[in-house]
Amino acid sequence: MFLKAIRYIILTVLLSPFSFAEGLKNLSLDTALTIMQQNNLELKISKFDEQMRQYEAQASKGHNYGKLNAQFQALRSNDAGNIFGFKLKSREATFGDFGFSEFDMTGQTNPLPIAPQELNYPNARNHYQTTLTYMIPLYTGGKLEQYGKITKALQHMSQLDTSKLLNEKIFQTTKTFYDISLIDQYINNLSNILSNIKMLENIVKSMREEGFAKEIDELEVETRRAEADSMLSQANYNKKLAYQYLSFLLNKHVVSISPQTDVAPMPEVDINQFLQNNLDIQRAELGLKITDMAIKAEKANFLPTVGAFGEYGSSDNQAFNQFTDKDFYTAGVQLEWNLFNGNIDKNNLDKARVENMKVHEQVELAQKGIGLKIAKLQTEAKSKEADIRSLETQLSFASKVYENYQEQYKEGIKSISDVLIKQSKELEVLMQLLTAKNDRNAKVFELKSILNEGEK
């Protein structure tokens, strides 16, 4: 399983698109954050979402200005009703179209039973009609106004989502920088321990040649060196993996960074500033405003809607022929008021009110919940600081004990197993120390993300 993981990491590094580009060297954290904000793929996608919401907000405004349509029809028919309608529309209808030419005008016969040939079986005719139609809402009970405000608020919500994602990427980039720095520190310490093991190995060999050590002593040291070599190799692979992740965040190949300090500085918390800056609280408050708008939009369903329309056009059996002589217009106003629809509007309004009450509670939950999370992170970070101080003291002591046992082994007072046990203790404390530093940094970076310091 371990070998498979190593092969996967190596393959990932070799096949990565970043490995073929000239990489960034000695990259500082500030420069990395600037590059990340410009290049990160997730941020780019989120900004596209922002643009789409912006266009939606602009589109919603367009409903206030009405709609103008142009229509051109080209028709041909021999249908009696259509032909008469075409002539009437073109202002060309005559009494002859009613078949008056076929009537006996002397009055000697009854004309009523006669079926006029020209009226019932007219020749086919072309008909071209051009029409401009404009419709505009005059009053909608405030529904269009509220929909416009909602889409504008949703655009703002998408901006908050991008800011929240930016904070997350700042958190990930910064944490990765500190992770790499801690891995480098671990590799350096592990290299020193490996050097000590090699030194101990030479001591054991010399003592065995003089008859003061056994073969098993030498085998124990060789086994410990193999373990240390394996741990060092794994640490280097983890470092490569961390660089791969950093390159992914920046969308650029990173070769090396400027190392960071062991622990990140703890941010100061101003609760009033926090309530203004925290993105989750801002999103919850904006969501509450949106539900207020939704209630007003639902109330508009109980009010009438008034719209106006105007139509202008011209018709003829030739396209655009004698346009102004045969033109026509129509203008009007329409009022529509739904009086009953099975209480659908009432239920939708009640639903909007319940949603508003729910979001109101969510705002309070966000304020109190995130405040509690801040206190928790502060406490956990301080607890890790205490652990770090204790482990640093333990590491210093463990190193001195190992050196002391090594000297006592030379004098034959301690066995090689005793020496290696103390060395294992030194390595164990080192691992605990670096883990505590990493955990403490993670708490600090998460706290900064919640405080929205990235936006400053």
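Residues numbered from 1 in each chain as written. Predicted model: local features only at pLDDT ≥ 70, side-chain atom pairs only at ≥ 80, totals over all residues. Heavy atoms only, no water.

Enquirer: I would appreciate a short explanation of the overall build of the chain in the present structure.
Expert: Counting secondary structure elements, the chain contains eleven helices and four strands. Within the chain, buried positions represent 36% of all 456 residues. Sequence-distant contacts in the chain: of pairs separated by 6 or more residues, those separated by 24 or more amount to 84%. Taken as a whole, the chain presents about 27100 Å² of accessible surface, with 55% of it coming from carbon and sulfur. (Helix = DSSP H or I, 4+ residues; strand = E, 2+ residues; numbered from the N terminus. Buried < 20%, exposed > 50% of the residue type's maximum accessible area, 1.4 Å probe, protein only. Contact = heavy atoms within 4.5 Å. Areas by Shrake-Rupley, 256 points an atom, 1.4 Å probe, with all protein chains shown as cover.)

Enquirer: Would you take a moment to explain unusual backbone geometry for this structure?
Expert: Glycine aside, negative phi is the norm for most residues, and most peptide bonds take the trans geometry. In this structure, asparagine 251 takes a positive phi of about 55 degrees despite not being glycine. With respect to the secondary-structure elements, asparagine 251 resides in the loop between helix 7 (215-250) and helix 8 (271-277). Phi at asparagine 343 takes a positive value of approximately 65 degrees, unusual for a residue other than glycine. The topology assignment puts asparagine 343 in the loop between strand 4 (327-336) and helix 10 (344-410).

Enquirer: Where do I start with the pairing of strand 4 in this structure?
Expert: The two faces of the sheet receive side chains in turn, since in a regular strand these alternate between them. Within strand 4, only one of the ten residues are buried, leaving the element largely exposed. Sheet analysis places strand 3 (residues 305-316) next to strand 4, joined by ten bridges and oriented antiparallel. If you follow tyrosine 312 over to strand 4, its bridge partner there is tyrosine 329. (Pairing = 2+ DSSP bridges.)

Enquirer: Teacher, can you tell me more about the sheet that holds strand 4 here?
Expert: Hydrogen bonds between backbone groups are what pair the strands of a sheet, and the pairing can be parallel or antiparallel. Spatially, 1-2-3-4 is the arrangement adopted by the four strands of the open sheet, whose pairing is antiparallel. In the strand order of this sheet, the two ends are held by strand 1 (67-77) and strand 4, each with one partner. With strand direction ignored, the average angle separating the axes of adjacent strands in the sheet is 20 degrees. As paired elements, strand 1 and strand 2 (residues 125-139) share eleven bridges and run antiparallel to each other. (Axes fitted to C-alpha atoms, helices over the stretch in contact; angles between N-to-C directions.)

Enquirer: Is there a simple way to think about the UniProt feature "coiled-coil region" (unreviewed entry) in the chain in this case?
Expert: Mapped onto the present numbering, the UniProt feature "coiled-coil region" (unreviewed entry) falls at residues 183-229 and 374-408. Here residues 374-408 runs as 100% helix and 0% strand, with 50 Å between its end C-alpha atoms. (UniProt positions renumbered as here; feature names shortened; annotations may be inferred.)

Enquirer: In this structure, what is going on with the nonpolar core? I would like to understand it.
Expert: Grouped burial of nonpolar side chains is what soluble globular proteins tend to show. Within the largest apolar cluster, 57 residues are counted, with the highest numbers of intra-cluster contacts made by Leu27, Leu200, Leu250, Ile257 and Tyr409. Elements with a minimum of two residues in this core: helix 2 (29-39), helix 6 (143-209), helix 7, helix 10 and helix 11 (416-451). Setting aside residues up to four positions removed in sequence, isoleucine 257 forms contacts with Asn26, Leu27, Phe177, Ile180, Ser181, Tyr243 and Leu246. Counting residues in hydrophobic clusters, the runner-up holds 13 residues, among them Phe274, Val363, Ile374 and Leu451. (Core = buried A, V, L, I, M, F, W, Y, C linked by side-chain atoms within 4.5 Å.)

Enquirer: How do you make sense of the pairing of strand 2 when you look at a structure like this?
Expert: For strand 2 and strand 3, the ladder comprises eleven bridges, and the chain directions are antiparallel. When the bridges of strand 3 are listed, threonine 130 appears paired with serine 314.

Enquirer: Where do I start with the environment of threonine 94 in this structure?
Expert: Considering the arrangement of structural elements, one finds threonine 94 in the loop between helix 4 (80-89) and helix 5 (117-120). A residue is classified by how much of its surface remains accessible, and threonine 94, at 44% relative accessible area, is partly exposed.

Enquirer: I tried to follow the side chain of threonine 174 on my own but got confused; where do I start?
Expert: Positionally, threonine 174 belongs in helix 6. Not counting residues within four places of it along the chain, the set of residues in contact with threonine 174 comprises Leu29, Leu33 and Phe445.

Enquirer: Looking at this model, I keep getting lost on the pattern of salt bridges. Mind explaining?
Expert: Throughout the structure, instances matching the rule amount to 19 salt bridges. In this structure, lysine 376 engages glutamate 380 in a salt bridge whose closest nitrogen and oxygen atoms are separated by 2.6 Å. With lysine 376 and glutamate 380 both in helix 10 and four residues apart, the pair spans about one turn of that helix. Using a relative accessible area of 22% as the deciding quantity, one classes glutamate 380 as partly exposed. It is possible to trace a salt-bridge network through shared partners that takes in Lys346, Asp350 and Arg353. (Salt bridge = Lys/Arg side-chain N within 4 Å of Asp/Glu carboxyl O.)

Enquirer: I'm lost on the packing of aromatic side chains in this one. Help?
Expert: The way to describe two aromatic rings as a pair is by their centre distance and the angle between their planes. Counted under the stated rule, the structure contains five aromatic pairs. Between the aromatic rings of phenylalanine 72 and phenylalanine 320, the centroid separation amounts to 5.4 Å while the plane-to-plane angle is 20 degrees, which identifies the pairing as stacked. Pair noted here: phenylalanine 72 is in strand 1 and phenylalanine 320 is in the loop between strand 3 and strand 4, with a separation of 248 residues, a long-range link. By relative accessible area, phenylalanine 72 is classed as partly exposed at 42%. Relative accessible area serves as the criterion here: at 54%, phenylalanine 320 is assigned to the exposed category. Aromatic side chains tyrosine 245 and phenylalanine 248 sit 6.4 Å apart centroid to centroid with 25 degrees between the ring planes, which places their arrangement in the stacked category. With tyrosine 245 and phenylalanine 248 both in helix 7 and three residues apart, this pair spans about one turn of that helix. Through successive ring pairs, a cluster of aromatic residues spans Phe72, Tyr128 and Phe320. (Phe/Tyr/Trp six-rings, centres within 6.5 Å; stacked < 30°, edge-to-face > 60°.)

Enquirer: Please explain helix 4 as it appears in this structure.
Expert: Between the side-chain oxygen at the start of helix 4 and the backbone nitrogen of glycine 81 there is a gap of 3.0 Å, and the oxygen is on aspartate 79. Looking one or two residues past helix 4, arginine 91 carries a phi angle of roughly 60 degrees, positive in sign. (Polar contact = N/O pair within 3.5 Å; in protein donor to acceptor, adjacent residues only side chain to side chain.)

Enquirer: Honestly, the environment of leucine 339 in this entry has me stumped. Any pointers?
Expert: Turning to its location among the elements, leucine 339 is positioned in the loop between strand 4 and helix 10. Take leucine 339: its relative accessible area is 76%, and that puts it in the exposed class. For the pair leucine 339 and leucine 303, spaced 36 residues apart in the sequence, the C-alpha separation amounts to 9.2 Å.

Enquirer: What should I look at first to understand the packing of helix 10 against helix 11 in this one?
Expert: The axes of two packed helices give the description: the angle between them and the distance between them. Where helix 10 meets helix 11, the axes come as close as 7 Å, and the angle between the chain directions of the two elements is 160 degrees. With respect to helix 11, the element helix 10 is oriented roughly antiparallel. Crossing of helix 10 over helix 11 shows left-handed handedness. Classifying every residue of the contact of helix 10 with helix 11 by side-chain character gives 22 nonpolar, six polar and 13 charged. (Parallel < 35°, antiparallel > 145°, perpendicular 65-115°, else oblique. Left-handed = near helix turned anticlockwise from the far one by under 90°. Nonpolar A, V, L, I, M, F, W, Y, C, P; charged D, E, K, R; others polar.)

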